[in-house]
Amino acid sequence: IDTKRLADRLAAEGFVVMAPALYHGRVALEADKGRELATVLDENEAALLLAEVAGHLKFLPELGDHRVGLIGFDLGGRLALLAGTRSPDVSAVAAIYGRPITDNDSLRRINVPIMAVFGELDDQIPQAQVTAFKEALDKAGRTSMVKIFPGAGHGFMKQTGETYKPDAANEAWSALIAFLKGTL
């Protein structure tokens, strides 16, 4: 449900949006079911699917000459980064509180601007991981913007979540839209 809401918001900003069914048609309406589906998801398979979707979108003749971005929230953020390492058809990657990649070789394969958003108080992604990610991005020579929102936890942009922080969520959304409009 949250994925559809986010896709609708992106579409309202003027983007063509596709949200592939990574769970083979299964939908999680509750957080526990979502965690259950995520634990059995093969990250490599999902990243390859996203890379294929990016290639498909890139060459849709009815869209004309355009750029494609990968945007993901939570697990989707990690998958956007992983797919970015595999797709030559992507022009930008945005990972919103997704578990970061810290491997320099992998990050070097993302040859497009990267935006990453984290909450300072994220209990799932420690600040040490965020710092390692930032250092790896610098070492890999990637163009990136890493934003850490003070007082925000994991999932702070999810309007239906317990950790929702409206001010930080609005600021992060504005930054995401500016990033996408500037790179796509």
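This write-up is about the structure you can find in this document. (Residues numbered from 1 in each chain as written. Predicted model: local features only at pLDDT ≥ 70, side-chain atom pairs only at ≥ 80, totals over all residues. Heavy atoms only, no water.)

**Quick word on the overall build of the protein chain**
Here comes step 1: The secondary structure content of the protein chain amounts to seven helices and four strands.
Here comes step 2: Counting from the amino terminus, the protein chain carries its helices and strands in the arrangement α-α-α-β-α-β-α-β-α-β-α.
Here comes step 3: Here the C-alpha atoms of the protein chain give a radius of gyration of 15 Å, agreeing with the 16 Å that 2.2 N^0.38 yields for 184 residues.
Here comes step 4: For the protein chain, the C-alpha atoms occupy an extent of roughly 45 × 40 × 30 Å along the three principal directions.
Here comes step 5: Expressed as a percentage of its 184 residues, the buried residues of the protein chain come to 43%.
Here comes step 6: Looking at the protein chain alone, contacts between residues at least 24 apart form 60% of all its contacts between residues at least 6 apart. (Helix = DSSP H or I, 4+ residues; strand = E, 2+ residues; numbered from the N terminus. Rg over C-alpha atoms; globule rule 2.2 N^0.38 Å. Buried < 20%, exposed > 50% of the residue type's maximum accessible area, 1.4 Å probe, protein only. Contact = heavy atoms within 4.5 Å.)

**Overview of the sheet that holds strand β4 (residues 144–149)**
Hydrogen bonding along the main chain pairs the strands of a sheet, whether they run parallel or antiparallel.
Here comes step 1: Reading across the sheet, the four strands line up as β1-β2-β3-β4 and stay open at both edges, with parallel pairing between neighbours. Edge positions in the open sheet fall to β1 (69–73) and β4, since each of these has one partner strand only. Pairwise comparison of adjacent strand axes, ignoring direction, gives a mean angle of 5° for this sheet.
Here comes step 2: The strands touched by helix α4 (residues 75–84) are β1, β2 (92–96) and β3 (114–119); relative to β1, the strand with the most contacts, the crossing angle is about 150°. (Pairing = 2+ DSSP bridges. Axes fitted to C-alpha atoms, helices over the stretch in contact; angles between N-to-C directions.)

**Things to note about the environment of Leu-49**
Here comes step 1: Looking at the element boundaries, Leu-49 is found in helix α3 (residues 43–58).
Here comes step 2: When residues no more than four places from it in sequence are discounted, the contact partners of Leu-49 are Pro-20, Ala-21 and Leu-22.

Purely spatial values, then, with no claim about function.
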